[in-house]
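Analysis of the macromolecular model
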Amino acid sequence: MSNYAFFRRRQRTPRRDSSCTGIRFTSSLCRNLLLLPVLALLACDHPPTSSSVLFPAEAQAAVSKNDFPAFSVLTVAFCSDPAGWFVGGNGDFAGFEYDLLDQFAQEVRLQLHPTAAKNSAELLDSLKKAQASLSVGLYRPDQGKDDSIVWTDSFYTAEPVIVYNTDIRRPKDWEQITGDTVAYLENSGMDSLVADLSAAHPGIRWKPIAAPSTDALLSQLDEGAYPYALVTSHKAALARNIYLNFATAFSTGAKIEMAWALPANKRYLLNSLNSFIARAKESGLIEQLAERYFHPPQRVQRLDAGVFQERIRNDLPLLRPLFHRAQETSGVEWRLLAAVAYQESQWAPLATSETGVRGFMQLTGNTARFLGVKDRLDPDENVQAAAGYLRDLKARLPDDIAEPDRTWMALASYNIGLGHLEDARRLAREQRLDPNLWKDIKQMLPLLAQPEYYNRARYGYARGGMPVAFVDRVRAYYDILLRQEPEYDLLRLQAADGNSVRSQPVAAAVITSAGT
């Protein structure tokens, strides 16, 4: 449930024309050709009658000598959902669908103008009333289409599953829930699937819920409002360590498609959007975003997640000032430091491993001496040193590695050393993978434990599976903290260089559990 607004806005690196940083046109000519059908049809449109139309009256008038005019905004209706589009802890937008649509908007030189909706019904209503030109967070129906709405091609295929409240016995199949109620998100695009399932399993009572998101529906299930719910597997996975009283029962065996909805009178946008979706699939952008936001969180077992949530309530209030101070001096986001500390020591200041690493951040004796740490069991000194070390590791990585991959690789280096990471990056190049993407590097690191690979690696043998598991678990803990803990909102400090910091104000918005 990954919400990486901190990375996307606060530490954004320049976009480059490569497969690992998104889709860009190879020349201004290609970009202009994409705009031609849109601009030609816009020229035939009636003058705008309200600020909610696709290109409002305040569109920018400035035109460069060799370029098309840059129109101002594309109005997009959304429901806040950790899987697709949400407001991050610093007030910026993030999410799988947001990132994807933001890339499209950059290519056609539009600014996204988000407008929030209460639920899926309001998303569709905003299209019919011309209050938005596009809605996100919906599944494309297979039948019973509304003639007033058109749909783009699918950009992601989701698997619907039955989830259940764990206070009852886990059902193994449809027969065991016959006569019970199954809730689902109303008007989200699941209606045609529900109709098919209802015909195949007539003894089940289906209940449409006008919740703002799947996350909100799962929150109600978690509290016992319904015994069962129909949701998609990737959204259930994102919520499994936030809501601890539900689990997946079984798959429906069906597939549903994520797509964007537009008013019928905006049909002229379809070709541009569909062309973009096709190229996003081909380039690997969609796969990259899916890995970023939907990475498997099962590395953190449910029981561990329950203990973690308890310690967030009981222990973290005393530890926040420590992590805040480390953020002030290093520029490393405090919730990330807290996630690393929990993975290393479960926030136990006196923790000592069998191999002799000690303290909050489990520093070795050599590392502590290198960082100038006098007392590894002093929590403040321990965290300050580790935060500075993580900052320096990120700074030493090649400039081509963008966020959030830059942070994941820095964490891997923190666990196993920068040299072994470089060996994995060289191996990725040999395998024709991208050395700047964590999803490719995590495939290479475990190979460094095999003789045919480590014998020709510069830094030799490494237990490469350890940093992969380390990063996955830190990410899972970090996701939970991002959902439940506010950003440090006194000052947003960023490291301008290795010795000084620059402050910036931040928004106070916080991502909370769905629907709250």
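Before reading further, recall that the structure is shown in the block above.
Residues numbered from 1 in each chain as written. Predicted model: local features only at pLDDT ≥ 70, side-chain atom pairs only at ≥ 80, totals over all residues. Heavy atoms only, no water.

Considered as a void within the structure, the largest pocket measures approximately 740 Å³ in volume. If you trace the largest pocket, you find 30 residues lining it, with Ser413, Tyr414, Asn415, Ile416 and Gly417 closest to the centre. Each residue belonging to the lining of the largest pocket can be placed in one class, and the counts come to 15 nonpolar, eleven polar and four charged. (1 Å grid on protein atoms, 1.4 Å probe; cavity = no way out; pocket = protein on both sides within 12 Å on 5 of 7 lines; lining within 4 Å. Points joined across faces, edges and corners; volume = space filled by probe spheres on them. Nonpolar A, V, L, I, M, F, W, Y, C, P; charged D, E, K, R; others polar.)

This part is about the environment of Gly189. Within the secondary structure, Gly189 is located in the loop between strand 9 (181-185) and helix 5 (191-200). Classification of Gly189 as buried rests on a relative accessible area of 12%. When the C-alpha positions of Gly189 and Asp142 are compared, they lie 8.6 Å apart, and in sequence the two are 47 residues distant. Contact partners of Gly189, with chain neighbours within four places excluded, come to Tyr139 and Pro141. (Helix = DSSP H or I, 4+ residues; strand = E, 2+ residues; numbered from the N terminus. Buried < 20%, exposed > 50% of the residue type's maximum accessible area, 1.4 Å probe, protein only. Contact = heavy atoms within 4.5 Å.)

Val163, Phe323, Trp347, Phe360, Met361, Leu411 and Tyr414 are the most contacted members of the largest nonpolar core, which has 83 residues in total. Residues in contact with Trp347, not counting those within four places in the same chain, are Phe308, Arg311, Ile312, Asp315, Leu316, Leu319, Phe323, Ala338, Ala341, Tyr342 and Phe360. Counting residues in hydrophobic clusters, the runner-up holds 57 residues, among them Ala83, Met190, Leu193 and Met258. (Core = buried A, V, L, I, M, F, W, Y, C linked by side-chain atoms within 4.5 Å.)

So, on to the pattern of salt bridges. Counted by the stated rule, this structure contains 18 salt bridges. Arg426 serves as the salt-bridge partner of Asp423, at 2.4 Å between the closest nitrogen and oxygen. With Asp423 and Arg426 both in helix 16 (residues 418-430), this residue pair falls three residues apart, about one helical turn. We classify Asp423 as buried; its relative accessible area is 3%. We classify Arg426 as partly exposed; its relative accessible area is 31%. A salt bridge links Asp440 to Lys439; its shortest N-O distance comes to 3.2 Å. One salt-bridge network, held together by shared partners, links Glu287, Lys439 and Asp440. (Salt bridge = Lys/Arg side-chain N within 4 Å of Asp/Glu carboxyl O.)

This part is about the packing of aromatic side chains. Across all of its chains, the model carries 22 aromatic pairs by this definition. With a centroid separation of 5.2 Å and an interplanar angle of 25°, the aromatic rings of Phe78 and Trp85 are classed as stacked. Taken individually, Phe78 and Trp85 each receive the classification buried, so the pair is uniform in this respect. On the basis of an interplanar angle of 70° and a centroid distance of 6.4 Å, the ring pair of Tyr184 and Trp206 is categorised as edge-to-face. With a gap of 22 residues between them, Tyr184 in strand 9 and Trp206 in strand 10 (residues 205-209) connect regions that are remote in the sequence. Note on accessibility: Tyr184 and Trp206 belong to one class, buried. An aromatic cluster of three or more residues is present, and its members are Phe96, Phe155, Tyr156, Trp260 and Phe294. (Phe/Tyr/Trp six-rings, centres within 6.5 Å; stacked < 30°, edge-to-face > 60°.)

Overall, the coordinates contain eight cavities of 30 Å³ or more when judged by the stated rule. Looking at the second largest cavity, its volume works out to about 70 Å³. Forming the boundary of the second largest cavity are Cys79, Asp81, Ser120, Leu123, Val136, Gly137, Leu185, Pro212, Ser213, Thr214 and Lys235. Contributions of two or more residues to the lining of the second largest cavity are made by helix 4 (120-128) and strand 5 (134-140).

This brings us to the pairing of strand 5. It is a general feature of regular strands that their side chains alternate between the two faces of the sheet. Taken across its seven residues, strand 5 has five buried, putting it largely inside the fold. By the bridge criterion, two bridges tie strand 1 (residues 73-78) to strand 5 in an arrangement that is parallel. Along strand 5, the bridge assignment pairs Ala77 with Ser135. Two strands pair when backbone bridges link them, and strand 5 and strand 13 (residues 256-263) are joined in this way by four bridges, in the antiparallel orientation. Bridging across to strand 13, Tyr139 finds its partner in Met258. (Pairing = 2+ DSSP bridges.)

Another point: the sheet that holds strand 11 (residues 228-232). Taken together, the five strands give an open sheet; going across it, the order is 10-9-11-8-12, and neighbouring strands pair in mixed fashion. What marks the edges here is a single partner per strand, and that holds for strand 10 and strand 12 (246-251). Here the average twist between neighbouring strands, direction ignored, is 35°. Looking at chain direction, strand 9 and strand 10 are connected through five bridges and run parallel. The residue bridging Tyr184 from the neighbouring strand is Pro208, located in strand 10. (Axes fitted to C-alpha atoms, helices over the stretch in contact; angles between N-to-C directions.)

One way to put it is that helix 10 (residues 302-314) packs onto helix 19 (residues 465-484) with a least axis distance of 12 Å and a crossing angle of 45°. Considering the angle they form, helix 10 stands oblique to helix 19. Crossing of helix 10 against helix 19: the hand is right-handed. Contacts between helix 10 and helix 19 involve Asp304, Phe308, Gln309 and Ile312 on the former and, on the latter, Arg473, Tyr477, Ile480, Leu481 and Gln484. The residue makeup of the contact of helix 10 with helix 19, split by class, is five nonpolar, two polar and two charged. (Parallel < 35°, antiparallel > 145°, perpendicular 65-115°, else oblique. Left-handed = near helix turned anticlockwise from the far one by under 90°.)

Further remarks concern the pairing of strand 9. Strand 9 sits mainly inside the fold: five of its five residues count as buried. Covered by surrounding structure in strand 9 are Thr181, Ala183 and Leu185 together with Val182 and Tyr184, the residues of both alternating faces. Where strand 9 lies against strand 11, three bridges are found, and the strand directions are parallel. Bridge pairing links Tyr184 to Leu230 in strand 11.

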